[in-house]
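# Report on the structure
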Amino acid sequence: FFHWFDYMSWYPLGRPVGTTIYPGMQITAVAIWRALGKLGSAISLNDVCCLVPAWFGVSASILVGLFAAECSGRKSAGAFAALIMAIVPAHIMRSVAGGFDNESVATTALVATFYCWVRALRDRPTARDGEATADSYAFGLLCGLAYVYMVSAWGGYVFVVNMIGAHAAALAAGGRYSSKLHRAYSLFYVIGTAGATRVPPVGLAPLRSLEQMLPLLVFLGVQLLEAVEVERRKKRLTPAQVWKRRVQLAMPAAALLVVATAAILPTGYFGPLSSRVRGLFLKHTRTGNPLVDSVAEHQPGSTMMYRQYLQNVYPLVPCGFALSLLRLTDANTFLLLYGAIAYFFASKMARLVILLGPPASAFGGVALGFGFDFLIVDALLRLLGYAAEEEEEPGGKKSPGPALDVAAREEPKEALKDAPQGGNGGAGLLKSKPKPSQLAAAAKAHTAIEAERGGEMGILTVAHRLRGGDMGRYGEIWG
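Residues numbered from 1 in each chain as written. Predicted model: local features only at pLDDT ≥ 70, side-chain atom pairs only at ≥ 80, totals over all residues. Heavy atoms only, no water.

### Some points on the nonpolar core
What counts, and what does not: By nonpolar core is meant a set of buried Ala, Val, Leu, Ile, Met, Phe, Trp, Tyr and Cys residues that side-chain atoms within 4.5 Å join together. Residue burial is assigned from relative accessible area. The probe radius is 1.4 Å, only protein chains are included, and a residue is buried under 20% of its type maximum, exposed over 50%, and partly exposed in between. A run of H or I in DSSP counts as a helix once it spans at least four residues, and a run of E counts as a strand once it spans at least two, with each numbered from the N terminus. Residues count as neighbours in contact if any of their non-hydrogen atoms are within 4.5 Å of one another.
One finds Phe114, Trp117 and Tyr185 to be the most contacted residues of the largest nonpolar core, which totals 82 residues. Looking at this core element by element, the count peaks at 12 residues for helix H6 (residues 102-120). Excluding residues within four positions of it along the chain, Trp117 makes contact with Cys143, Ile164, His167, Ala168, Leu181, Ala184, Tyr185 and Phe334.

### Re the packing of helix H7 (residues 134-153) against helix H9 (residues 179-196)
How we decide: For helices, the fitted line uses only the C-alpha atoms of the stretch in contact; every axis is such a line through C-alpha atoms, and the angle between N-to-C directions lies from 0 to 180 degrees. When describing relative orientation, an angle under 35 degrees is termed roughly parallel and one over 145 degrees roughly antiparallel, while 65 to 115 degrees is termed roughly perpendicular and anything else oblique. Whether a crossing is left-handed or right-handed is set by the direction in which the near helix is turned from the far one by less than a right angle, anticlockwise for left-handed and clockwise for right-handed. Each residue gets one label: Ala, Val, Leu, Ile, Met, Phe, Trp, Tyr, Cys and Pro are nonpolar, Asp, Glu, Lys and Arg are charged, and the others, such as Gly, are polar.
Running from amino to carboxyl end, H7 crosses H9 at an angle of 30°, the nearest separation of the two axes being 8 Å. Judged on the interaxial angle alone, H9 and H7 are roughly parallel. Both H7 and H9 take part in a crossing whose hand is right-handed. Only Lys180, Arg183, Ala184, Leu187, Phe188, Ile191, Gly192, Thr193, Gly195 and Ala196 of H9 make contact with H7, whose side of the interface consists of Ser136, Tyr137, Gly140, Leu141, Cys143, Gly144, Leu145, Tyr147, Val148 and Val151. Taken together, the residues of the contact of H7 with H9 sort by class into 12 nonpolar, 6 polar and 2 charged.

### Some details on unusual backbone geometry
We note that Arg236 has phi near 55°; this positive angle belongs to a residue other than glycine. Looking at where Arg236 falls in the secondary structure, it is placed in the loop between helix H11 (213-235) and helix H12 (239-264). Here Gln311, not a glycine, exhibits a phi torsion of approximately 50°, which is positive. Relative to the helices and strands, Gln311 is located in the loop between helix H15 (303-310) and helix H16 (316-324).

### Remarks on the state of the cysteines
How we decide: Any cysteine sulfur atom paired with another within 2.5 Å is treated as part of a disulfide.
Using the criterion set out here, one finds 0 disulfides in the structure. Unpaired in this structure, Cys49 has its nearest cysteine sulfur neighbour in Cys50, at a distance of 7.0 Å. Given the relative accessible area of 19%, Cys49 is considered buried.

### Overview of the packing of aromatic side chains
Selection rule: Only Phe, Tyr and Trp rings take part, Trp by its six-membered ring, and two of them pair if their centres are within 6.5 Å. Stacked means planes under 30 degrees apart, edge-to-face means over 60, and tilted covers everything else. Only when the NZ of Lys or the CZ of Arg is both within 6 Å of the ring centre and within 35 degrees of the ring normal is a charge said to sit over the ring.
For the coordinates displayed, the defined rule picks out 23 aromatic pairs. Summarising the aromatic geometry, the rings of Phe80 and Phe372 are spaced 5.7 Å apart at their centres and angled 70° between planes, so their arrangement reads as edge-to-face. Of this pair, Phe80 sits in helix H4 (residues 75-87) while Phe372 sits in helix H18 (residues 357-390); the two residues are 292 residues apart in sequence, bridging distant segments of the chain. Accessibility expressed as a relative area gives 33% for Phe372, which makes it partly exposed. A cation over an aromatic ring shows up here: Arg208 above the ring of Tyr269, its NZ or CZ 4.9 Å from the ring centre. For the cation-ring pair, Arg246 lies above Trp243, with the distance from its terminal atom to the ring centre recorded as 5.0 Å.

Structural data, given as structure tokens:
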């Protein structure tokens, strides 16, 4: 395949197909066809090519659901995001059966790379003092492999590597650097870059193209930050000492980088920006390439375009974006940054509206998931819980609620008799020093009451205050 020269393409010049196209889509179709053949299926290669966009459209929708759930922390948001991704025109325009195109496979690869990236940054209670997690190793590795597949499928891989590099830089600049970020990004960049250089149309572009210098600089930067982080743990450095040490390492590194750039730049090692990338920052009539300037897909985006390709999810995106601002985790900041950057590029080139499909679906899922959880699920749970409490058994006795049995419900009432009484839900505890038995009785009563109500803060507060021995303060909080 990589040595295939098509004499009939671009006749009479011909074309070296194997070295001038991204081979991921073709290799994927042939691999699926051969796998189905070994399983006994008689499907033809042509039929496989026709069905690949639909198959990968399904996988992309599922991955967007996982991505949205990981970023938002809500499974309902993931479910709605997957549903939206399955029907939003910005995605189905490239995932319709019969539309065998690079973006058909690349969208799945793009979302898989982003999901593995945010999954690698998940917090773990077992990781202390900013240490790396097992997820950062496992999913950092998978992220690099997914990126290699993305490179083999579509030239939009430049957006993917810059997106992850920008997020890593934003986390470090925002004071959220940790060793898990170092492990995840280092594995992603090393594996991804090594694999990308093996794709014929790419070659050494990751190390020579100006479009991909940001991820390289971020990679070098996180190595310096990790060196200081290791030293901080060993020597128990204070924040001021950490910053001082970072400056001490950054200054000579920056000077060395400037000298190296000044020496290499005149040799022509770094290539210029491509015409399409220049078109993102210049007016479409000023790229200098008539072919690029004349294509309708390369025109700037418009409100009509957003409504056409996002349809009913269009008004939900701002709501989901605003709700996401309330949860600034490592993963959710990626979703926010992804949405903002994808919107910027789509406004510059209409063709890139395909990049808006995943974040728009995720934001729509966040908005719908929020409404579903708080306006339907929570309301139904409360309604059913209180309704069960009010049901009476034959004989006039009230039936217990779903959370507590009769004994558990009656026991707090007896315990309250032994607890010190006072107004405002326990504020009377402040009047005199309670006895240990009274403390235990009051704690047991309030815990049972809160459990019956469906809350958790009361239970946690009781346990915390009992450990600290400050029961009077707990009574004041309850009041």
